[in-house]
Amino acid sequence: MIRKDLFAVAIVCAVLVAAPTVAQVGDPQWLSLFDGKTLDGWKASENEGTFEVVDGAIVAHGRRSHLFYAGPVEDANFHDFELKVDVMTELASNGGIYFHTQYQQRGWPAQGFEAQVNNSYLIDPRKTGSLYMVQDVSDSPVKDGVWFTEHIIVRGKSVIIRIDDRTVVDWTQPEPPQPPADMPERVLGDGTFALQGHDPISTVRYKNIYVKPLPPLEFPIVDYHVHLKGGLTLDEAIAISKQRGVKFGIAENCGLGFPTTNDQALEAFLQKLEGRPIYRAMQAEGREWVKLFSTETIARFDYVFTDAMTFTDQRGRRTRLWIPEEVQVDDPQAFMEMLVDKIVSILTDEPIDIYVNPTFLPAVIADDYDALWTDERMARVIDAAVKNHVAIEINARYRIPSERLIRKAKAAGAKFAFGTNNAGRDLGQLAYSRMMARRCGLTADDMFVPKPDGQKPVQTKGLPR
Ligand SMILES: [Zn+2]
């Protein structure tokens, strides 16, 4: 019992002591690629057993294998970026960090570049920090047995490699590119990262793997769609918010058939969140919510959002689009027309700030999203959002709306809000939202901000009575 408690204390201390040394923690531009516990999001080639996680680090030791990043950040496809990895070698070890590469089942990765890891592996003269075979470093700037940070910066045709804040490579790809004769794919482009397991003698550890896609998003990152569910507590949510540098809007589900159906319950929720460093959000559910609560109490929330996933269909059946048994699609085209009508009337009639889970389709027709969301249907939804000053969520969980819709909505002057609609502790994991914002060039001007008292939709537009 005592041993177990001491162990727990030791873990807590290790986390508290280790965290501040990583500058990337709490900076929302730097995204973690490694959870410190599992190889989730990574895929090993040939000899999978070469990689394991020990004490918060990926240990590469065994027959040749490469561990490719295959997780959700930027869909594992990076063009311009900064990458930081903490690395520690043992005597006579070889490793490396590939970028702009792609998964291959066997052999040394053919595509992309390797930033070398080698402090004392004698038979290879290319030492730590080398841009392998392109601009090599002959003396390692660091030693075995000591953690060092390898920092790779790729921007346009330029590659910079820094070891513990000292620049060891500053290279620009010539035009046309002149890759080494036996490495024709060593050319800048885009791709993922890979960690190298070189051979059974080498042992190399990698940890604190953070990427900053470039250019960075130039507005504060907020997850406006967080629920305290799956056992997540308010204190935990606030701790995660600090750690990730992402502000959260915590939402209560309010409406018929949901826990909160009157002003008193709204009041209790507001009290619980009073004075905490988060936004207080109301998720309006179903279409009956407009009759359940007073304007005054609704206006005390920072913002109100709703989706178009709960409604009564043409035949009077309550329909929740995420529950297959409640969804009847006889004719997909007719269903779409009905759905678009519902969305437009919600955006037009209900005093909301954000339309969340936007363009969500039920599972039976979700595969046909791109065909069913025609230009004309998109235009109707975008038009209603813009006219009624309702922001459109870019939802990371469902990966909606599509890039095509976001581009059209931006062009039409719509505002956007990031949201996870978290299932549990995945709050703030906004990989899809960030990627879309970067691809579609969203700036601070395109982003939703909560309205001040007096200008909230429930105050300006009012509840339909
Ligand atoms: Zn929700």
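Keep in mind that what you see is a predicted model, and the values were worked out from it rather than measured.

Criteria and cut-off values
Residues numbered from 1 in each chain as written. Predicted model: local features only at pLDDT ≥ 70, side-chain atom pairs only at ≥ 80, totals over all residues. Domains from an automatic or database assignment. Contact = placed C-beta atoms within 7 Å. Nonpolar A, V, L, I, M, F, W, Y, C, P; charged D, E, K, R; others polar. Pairing = 2+ DSSP bridges. Helix = DSSP H or I, 4+ residues; strand = E, 2+ residues; numbered from the N terminus. pLDDT = per-residue confidence, 0-100. Core = buried A, V, L, I, M, F, W, Y, C linked by C-beta atoms within 7 Å. Buried ≥ 20, exposed ≤ 12 C-beta atoms within 10 Å, placed from the backbone.

Novice: Can you break down the domain arrangement of the protein chain residue by residue, with the values?
Specialist: Taken as a whole, the protein chain is organised into domain 1 (2-213) and domain 2 (222-460). Computed over C-alpha atoms only, the centres of domain 1 and domain 2 are separated by 38 Å. If you look at the interface, domain 1 gives nine residues, while domain 2 gives eight residues. Counted by class, the side of domain 1 that touches domain 2 contains five nonpolar, one polar and three charged residues.

Novice: Help me get a handle on the sheet that holds strand β17 (residues 303-306), residues and values and all.
Specialist: Within the open sheet, the seven strands sit side by side as β14-β15-β16-β17-β20-β21-β22. Their pairing is parallel. Of all strands in the sheet, those bounded by a partner on one side alone are β14 (222-226) and β22 (416-419). Examined bridge by bridge, β14 and strand β15 (residues 247-254) share three bridges and lie parallel to one another. Residue V222 lies in a different strand from β15, and its bridge partner there is K247.

Novice: Got a sec to walk through the confidence of the model for the protein chain? Specific residues and values, please.
Specialist: The pLDDT averaged across the protein chain works out to 93; a share of 95% of its residues lies at or above 70. Here residues 1-20 is modelled with pLDDT under 50, and outside its nearest four sequence neighbours on either side it reaches one contact, counting other chains as well.

Novice: So what's going on with the nonpolar core? Which residues, and what values?
Specialist: A281, M282, V304, I354, Y355, A385 and F416 are the most contacted members of the largest nonpolar core, which totals 61 residues. Looking at this core, the element that brings in the most residues is helix α5 (residues 332-349), giving six residues. Filtering out sequence-adjacent residues up to four positions away, A281 remains in contact with Y224, G249, I250, A251, F301, D302, Y303 and F305. W30, A76, L83 and V159 belong to the second-largest nonpolar core, a separate cluster that totals 46 residues.

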